[in-house]
Amino acid sequence: MLDGHSSWRLHFAQNAALITLSLLFLPLDTFILGIAYILQWLQSPNTARRRIRRSRGFRPKTILVTGVGMTKGLTLARTFYRAGHNVIGADFEPHDILASGRFSKAISKFYSLSYVHGPNGSSDYAQDLLEIIQKEKIDLWVSCSGVASAVEDGYAKEVIEQQSSCRAIQFDVDTTSTLHEKNTFIEHTAKLGLPIPETHNVTSRDAVHKVLNVTKKKYILKSVGVDDAYRADMTLLPRRTMSETYSHIAEVPISPTKPWVLQQYVRGKEYCTHSLVINGKVYAFLACPSSELLMHYDLLSPESTLSRAMLHFTQIFAAKSGEGFTGHLSFDFLVDEVVTEKGVQLVLQPIECNPRAHTALVLFHGRELEIAEAYMHALKPQTNGVSKDSEEGIVTPGKPPKYYWVGHDLGALVLYPTLQLLQGKMALGMYLQGCMTFVQHVIFWKDGTFEIWDPLPWWWLYHVYWPGQFLWCILQRRKWSRINVSTTKMFGC
């Protein structure tokens, strides 16, 4: 894997190889695209949508979904479309490369958003969204923020709800800022009386050493803000020797203007959750195993003890956060094993919060109508902060397939291992196991972007969007270490 220390020639070769790979698969994927359109013509997949729209009493809403270039935004746009609503899409289009989501059959109209720049960036962005909402007569704005625009979306929510009748599935600025940053999230969680791992706010290397020198516990050092270069660094501190510890910390760009948190290492499995919260009430929830770069999604049974415990945590968190607490809420948990007199007990340790939609929402597959209806509670009259007719149970997934992204798995399970094998860095048995895993995913799992009734976004993602990004990197001599196919995130280095 390349990083910032790798030569530009290697980065150039990496980008050129991926563009070539896209061209090699273009005939096959275009054939698949054609077959999908033929099947659409034969099967008429919109029958259910037309039946819903003709049903007595149904009033379709006009819904704006931002972030449709990402899988989570595209999935929600498709969900509302299949439930009979009118969907308007919007997203940023970096380097003027058209987002794949704009070509979805679910979206009747698409708007390209301008990036937030300068001191007036948040205000301009909010006004742009407000103009779209007023022009299209939007009833509900469903924000699918990326990491970089979460706070700006919070500001836009306040402007939109003050100056229009549109409701927003988005937390306000203060809430988003508090939950977005690791240190303030932990502080807020502690104030709510919920359990937290031992966490120290540090603004200098000396502060890190002071903590490490008085304890035998292990810690992980995390940047408070977004830092692509250190995002994947899960080094346990202190290291084996004092010299190694000092050398590692010396390379960390820590300062009062760039704070970090030193968080206790919890030896346990990691899980993530996704929930829809409206006025402090949870209307939809799921949990699944997680990892640092999550590209495979497999549902944790809603009936399991762990899932119920994470739901309970989410419900308490949402209820204690007060009226008006509305948005997508995702937590990352580590499950710690604690030995007590009663035996080994599992303890949930929340380590991070993402106040935005999580890609894990693809696991609501098959529950589209229920999920779409859950969002409609944001439009219903409120009594004491709770919508009328809100006694229905929480929407949880049924039995969805496991999810993967074919572009990611092709690279991670086949192509990169092939290079490792040729260099003598991987055993043949391990290589063949990876290839078999890839084949199993293709046959038995579901691609997160592809839908037989809406195939063009999938084709565009791999043959226009990503090749365009790689070409831009070549022209601008930009280095990157990893990409997230599902969120279209490129990690610079």
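Conventions used here
Residues numbered from 1 in each chain as written. Predicted model: local features only at pLDDT ≥ 70, side-chain atom pairs only at ≥ 80, totals over all residues. Heavy atoms only, no water. Helix = DSSP H or I, 4+ residues; strand = E, 2+ residues; numbered from the N terminus. Rg over C-alpha atoms; globule rule 2.2 N^0.38 Å. Buried < 20%, exposed > 50% of the residue type's maximum accessible area, 1.4 Å probe, protein only. Areas by Shrake-Rupley, 256 points an atom, 1.4 Å probe, with all protein chains shown as cover. Lys, Arg positive; Asp, Glu negative; His and termini not counted. Charge placed at Lys NZ, Arg CZ, Asp CG, Glu CD. Pairing = 2+ DSSP bridges. Arc of directions from axis to C-beta. Polar contact = N/O pair within 3.5 Å; in protein donor to acceptor, adjacent residues only side chain to side chain. Disulfide = S-S within 2.5 Å. Right-handed = clockwise from strand over helix to strand, strands pointing away.

**Digging into the overall build of the protein**
Looking only at helices and strands, one finds 14 helices and 19 strands in the protein. Over its C-alpha trace the protein gives a radius of gyration of 23 Å, about what one expects of a compact globule, namely 23 Å for 493 residues. Expressed as a percentage of the 493 residues in the protein, the buried residues total 51%. Accessible surface, the protein: about 23,600 Å² in total, of which carbon and sulfur atoms supply 55%. For the protein, the centre of its 50 positive side-chain charges and the centre of its 45 negative side-chain charges are spaced 4 Å apart.

**Some details on the sheet that holds strand β9 (residues 260-264)**
On the basis of which strands lie adjacent, the open sheet formed by 4 strands has the order β6-β9-β7-β8 and antiparallel pairing. Every interior strand has two partners, whereas the edge strands, β6 (199-202) and β8 (236-237), have only one. Alignment of strand β7 (residues 219-223) against β9, held across 5 bridges, turns out to be antiparallel. Each bridged residue has a counterpart across the sheet, and for Ile-220 the counterpart in β9 is Gln-263.

**With respect to the environment of Lys-258**
Structurally, Lys-258 can be placed in the loop between α9 (242-250) and β9. In this structure, the C-alpha to C-alpha distance between Lys-258 and Thr-203, residues 55 residues apart in sequence, is 7.0 Å.

**Quick notes on helix α6 (residues 173-180)**
At 3.6 residues per turn, the α-helix brings residues three or four places apart onto the same side. Within α6, the full set of buried residues consists of Val-173, Thr-175, Thr-176, Leu-179 and His-180. Buried positions in α6, seen along its axis, are confined to an arc of 165° and lie on one side of it. Capping the start of α6 is the job of one residue whose side-chain oxygen sits 3.4 Å from the backbone nitrogen of Asp-174: Asp-172.

**Here's the deal with the state of the cysteines**
Enumeration over the complete set of coordinates arrives at 0 disulfides. The thiol sulfur of Cys-353 is not disulfide-bonded, and the nearest other cysteine sulfur, from Cys-272, lies at 12 Å. Lacking any disulfide linkage, Cys-473 is separated from the closest cysteine sulfur, that of Cys-493, by 9.6 Å. Judged by relative accessible area, which is 0%, Cys-473 ranks as buried.

**What about the pairing of strand β2 (residues 86-92)?**
β2 sits mainly inside the fold: 6 of its 7 residues count as buried. Where strand β1 (residues 62-66) meets β2, 5 bridges bridge the pair, whose relative direction is parallel. Pairing of Thr-66 across the sheet is with Ala-90, part of β2. The β-α-β motif built from β1, the intervening helix α3 (residues 71-82) and the parallel element β2 has right-handed crossover chirality. Inspection of the sheet shows β2 paired to strand β3 (residues 109-113) by 5 bridges, in the parallel sense. The residue bridging Gly-89 from the neighbouring strand is Phe-110, located in β3.

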